[in-house]
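Results of the structural survey
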Amino acid sequence: MSLAPSIKGWCPGALRPMESGDGLIVRLRITGGMLSAAHALLIAEAAHRYGNGLIDLSGRGNLQLRGVSPSNWPHLIEDLSRYGLIDQDAEAEAVRNVMASPLAGLDPSALLDIRPDVNALEARLVSNRALHDLPAKFGFLIDDGSTLPLAHEEADIGFEAITHQSRVHYAVRLAGSETVALIEPEHLVTTAEQVALAFINASSTSDKRLRRLKDWLQDEGAEALFKTVGLTTLITHARASTTPSPFGFHTLGTQAYLGVGAPFGRFSAQGLIALAQAAAKDGSGELRLTPWRAILIPDLSEEVSATLIEQAGPAYITAPHDPRLAVAACPGAPDCLSASVPTHGDALAFASLFKGHAVSGTHLHVSGCEKGCARPKATKLVLVGRDGHYDLVLNGKASDTPVRRGLTREAAETALRDLISGDAA
């Protein structure tokens with residue numbers, strides 16, 4: 001087995017890892033975010049044996065093993081392949097970008113069980129080689145209409161379970177547009193395939209490069225795009241305004257779950273082992289991975305959850321108003337070759353500025369460079385690393401024009417304190 005090429009600025013996989021400052025990044029795409037406790041233990045042990053023992057939970061609910069050396073990489077792949085955790089090839093792996101409701105099949109408020117659709121869509125993406133021409137970041141989303149909506153997660157093609165005229169349909173949403181088409185649930189896979197192939201065809205004939213479906217949408221509009229695949233039942237369907245916090249203990253009908261996070265999504269192998277052992281001993285025997293960098297443990301009692309929260313201590317996030325949740329940060333230096341600032345350490349200091357403020361959602365993005373990998377969305381406050389200092393962007397992305405440049409960490413902290421205090425006043 002030979003090492004797959006390492007290229008900067010794209011999405012890594014397991015079969016095509018990315019070189020970073022601390023070694024290779026090996027990303028595992030877990031179908032539907034549903035991970036058995038047994039597989040979680042295997043992954044954690046592999047992260048410790050072949051990497052540096054650090055595991056990042058990405059914004060799309062994938063697990064990234066860090067610090068894997070080129071010499072260890074073939075052995076890691078061999079071990080994980082033995083348990084069915086590796087795809088048949090890098091192309092199949094790359095196209096399986098399907099995000100699903102984290103509580104699929106568990107939440108009694110869901111309109112339908114989407115797990116068969118998630119599995120069927122992934123199978124079609126893998127089997128139809130024509131779909132392997134999709135861009136690396138082209139993503140799908142399936143939302144079951146339950147307690148934790150995925151409404152604000154980015155997807156090129158989204159399917160949201162809704163009730164329309166007393167029947168359950170999927171609302172097909174293209175790149176976040178509020179104009180949606182309605183389909184019967186059994187048509188999800190075919191519809192996803194048709195829209196994706198239409199996008200590939202449009203990309204091949206367009207005068208400009210279509211990186212994502214939103215580029216095509218801007219040119220044609222949602223209604224025209226739906227007509228290209230024969231969808232004409234259109235309605236306006238606004239996305240949910242908020243998503244409840246998944247962190248902490250939550251009841252779920254007659255069941256419950258505990259949501260545990262780590263600052264900026266970085267778990268240790270030992271931390272993942274502890275969660276997997278709790279799931280195996282006192283829960284349903286599985287973990288659910290979320291795009292909010294929380295790991296859910298279903299079927300834990302309140303008593304067991306309280307004990308686990310106490311054992312986790314301040315190293316982990318177990319409360320919905322933890323100030324660290326107000327900050328998104330990429331790995332930064334020295335872990336990332338593109339970064340010149342230690343984003344994780346600095347972001348922890350910046351997060352303390354939000355203590356005592358009633359904030360929800362991400363208010364600060366600390367990025368090691370202009371790529372803004374940790375958060376592609378616009379954010380109220382953005383600090384962008386450049387030559388060992390920070391530039392400050394307001395209400396924008398890491399690539400936007402800053403209002404201040406060349407701030408030391410101390411100067412950046414002072415600027416943030418003034419801005420946060422001004423908002424609270």
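The following paragraphs examine the structure supplied in this document.

Scoring rules and cut-offs
Chains are numbered independently. Their residues run from 1 in the order of the written sequence. Totals for whole chains, interfaces and linings use all residues, but because this is a predicted model, local features are given only for residues with pLDDT of at least 70 and pairs of side-chain atoms are given and counted only at 80 or more. Hydrogens and waters are ignored; side-chain quantities use all the structure's heavy atoms. Labels follow the DSSP assignment, with helices taken as runs of H or I lasting at least four residues and strands as runs of E lasting at least two, numbered in each case from the N terminus. Our radius of gyration looks at C-alpha atoms and nothing else; its globule reference is 2.2 Å times the residue count to the power 0.38. To sort residues, take the accessible area from a 1.4 Å probe on protein chains only and compare it with the maximum for the residue type: under 20% means buried, over 50% means exposed, and anything in between is partly exposed. Note on contacts: a residue pair is in contact if any heavy atoms of the two residues lie within 4.5 Å. Using a 1.4 Å probe, accessible areas were evaluated by the Shrake-Rupley method; residue-level cover was limited to the displayed protein chains. Asp and Glu count as negative and Lys and Arg as positive, but His and the ends of the chain are not part of the count. By convention, charge coordinates are those of NZ in Lys, CZ in Arg, CG in Asp, or CD in Glu. Aromatic pairing here means that ring centres of Phe, Tyr or Trp (its six-membered ring) are within 6.5 Å. Orientation follows from the plane angle: under 30 degrees is stacked, over 60 is edge-to-face, and everything else is tilted. To estimate how far a helix should extend, the number of its residues minus one is multiplied by 1.5 Å. By salt bridge we mean one thing: a side-chain nitrogen of Lys or Arg within 4 Å of a carboxyl oxygen of Asp or Glu. Whether two strands pair depends on DSSP finding at least two bridges between them. Axis definition: a line fitted to C-alpha atoms, over the contacting stretch in the case of helices. Angles run 0 to 180 degrees between N-to-C directions. Cysteine sulfur atoms that pair up within 2.5 Å are treated as a disulfide. Picture the helix axis, draw a direction to every C-beta atom, and the arc is the one those directions span.

A short note on the overall build of the protein chain
Tallying secondary structure elements over the protein chain gives eleven helices and 21 strands in all. For the protein chain, the C-alpha radius of gyration of 21 Å lies close to 22 Å, the compact-globule estimate for 425 residues. The principal-axis extents of the C-alpha atoms in the protein chain amount to approximately 55 × 50 × 50 Å. Burial analysis of the protein chain (425 residues in total) assigns 52% to the buried set. Sequence-distant contacts in the protein chain: of pairs separated by 6 or more residues, those separated by 24 or more amount to 61%. Accessible surface for the protein chain amounts to roughly 18,200 Å². Of this, 50% is attributable to carbon and sulfur atoms. Within the protein chain, the 47 negative side-chain charges are centred at a point lying 4 Å from the centre of the 38 positive side-chain charges.

Quick look at the packing of aromatic side chains
Tallied over the full model, the rule gives six aromatic pairs. Arranged with centres 5.1 Å apart and planes meeting at 40°, the rings of F138 and F199 form a pair that is tilted. Of the two residues, F138 is situated in the loop between helix 4 (115-127) and strand 7 (140-143) and F199 in helix 5 (residues 188-205); the sequence distance between them amounts to 61 residues. For the pair shown, F138 and F199 are each scored as buried.

Describing helix 1 (residues 37-50)
For an α-helix, the turn length of 3.6 residues means that residues three or four places apart are oriented alike. Over its 14 residues, helix 1 runs 20 Å from end to end, which matches the ideal 20 Å to within 8%, given 1.5 Å per residue. Those residues of helix 1 not exposed but buried are A37, A40, I43, A44, A46, A47 and Y50.

A closer look at the pattern of salt bridges
Considering all chains together, one arrives at 26 salt bridges under this definition. The salt bridge involving E160 is made with R173; its shortest N-O contact spans 2.6 Å. Placement of the pair is E160 in strand 8 (residues 157-164) and R173 in strand 9 (residues 167-174), with a sequence separation of 13 residues. Accessibility expressed as a relative area gives 4% for R173, which makes it buried. Salt bridges sharing common partners tie together D22, D56, R66, R266 and D335.

Examining the environment of A181
Position of A181 relative to the elements: it lies in strand 10 (residues 179-183). When the C-alpha positions of A181 and T414 are compared, they lie 48 Å apart, and in sequence the two are 233 residues distant. Other than its neighbours up to four places away in sequence, A181 contacts Y170, A171, V172, F226, L231, T233 and L234.

Side note on the sheet that holds strand 1 (residues 18-20)
Reading across the sheet, the five strands line up as 1-2-5-4-14 and stay open at both edges, with antiparallel pairing between neighbours. On the outer flanks of this sheet lie strand 1 and strand 14 (266-268), each paired with one strand and no other. Across the sheet, the axes of successive neighbouring strands diverge by a mean angle of 30°, strand direction being ignored. Here helix 1 sits on the sheet in contact with strand 2 (23-28), strand 4 (54-57) and strand 5 (63-68), set at roughly 20° to strand 5.

Here we look at the state of the cysteines
For the structure shown, the criterion picks out zero disulfides. The thiol of C11 is unpaired, and the distance to the nearest cysteine sulfur, on C373, comes to 8.7 Å. Of all cysteine sulfurs, the one in C373 lies closest to C369, which takes part in no disulfide; the gap is 5.7 Å. Classification of C369 as buried rests on a relative accessible area of 14%.

With respect to the side chain of D79
By secondary structure assignment, the location of D79 is in helix 2 (residues 73-81). For D79, the contacting residues outside a window of four places in its chain are R49 and Y50.

Considering helix 4
With 13 residues, helix 4 should reach 18 Å at 1.5 Å per residue; the first-to-last C-alpha distance of 18 Å fits that figure. Considered for burial, the residues of helix 4 that qualify are D117, V118, L121, E122, L125 and V126. Along helix 4, the residues classed as buried sweep out an arc of 165° about the axis, all on the same side. In helix 4, the exposed positions angled more than 90 degrees off the buried face are occupied by P116 and S127. Buried residues belonging to helix 4 abut helix 3 (90-95), strand 6 (98-100), strand 7, strand 9 and helix 5.

Description of the pairing of strand 20 (residues 389-396)
Relative to strand 20, strand 19 (residues 379-386) is paired through seven bridges, and the arrangement is antiparallel. Along strand 20, the bridge assignment pairs G385 with Y390. Adjacent in sequence and paired antiparallel, strand 19 and strand 20 are bridged by two residues, among which D387 carries a positive phi angle near 55°. Strand direction decides the pairing type here: strand 20 and strand 21 (residues 404-407), joined by two bridges, are antiparallel. Bridge assignment links L392 to a residue of strand 21, and that residue is R404.

With respect to the sheet that holds strand 7
Read across the sheet, six strands follow the order 6-7-8-9-10-11 without closing on themselves; strand pairing throughout is mixed. The sheet terminates laterally at strand 6 and strand 11 (234-236), the two strands that pair on one side only. Ignoring which end each strand starts from, the neighbouring axes of this sheet average 30° apart. As judged from the three bridges shared by strand 9 and strand 10, these two strands associate in the antiparallel manner. Residue pairing for strand 10: A171 is matched across the bridge by L182.

None of this, on its own, says anything about what the molecule does.
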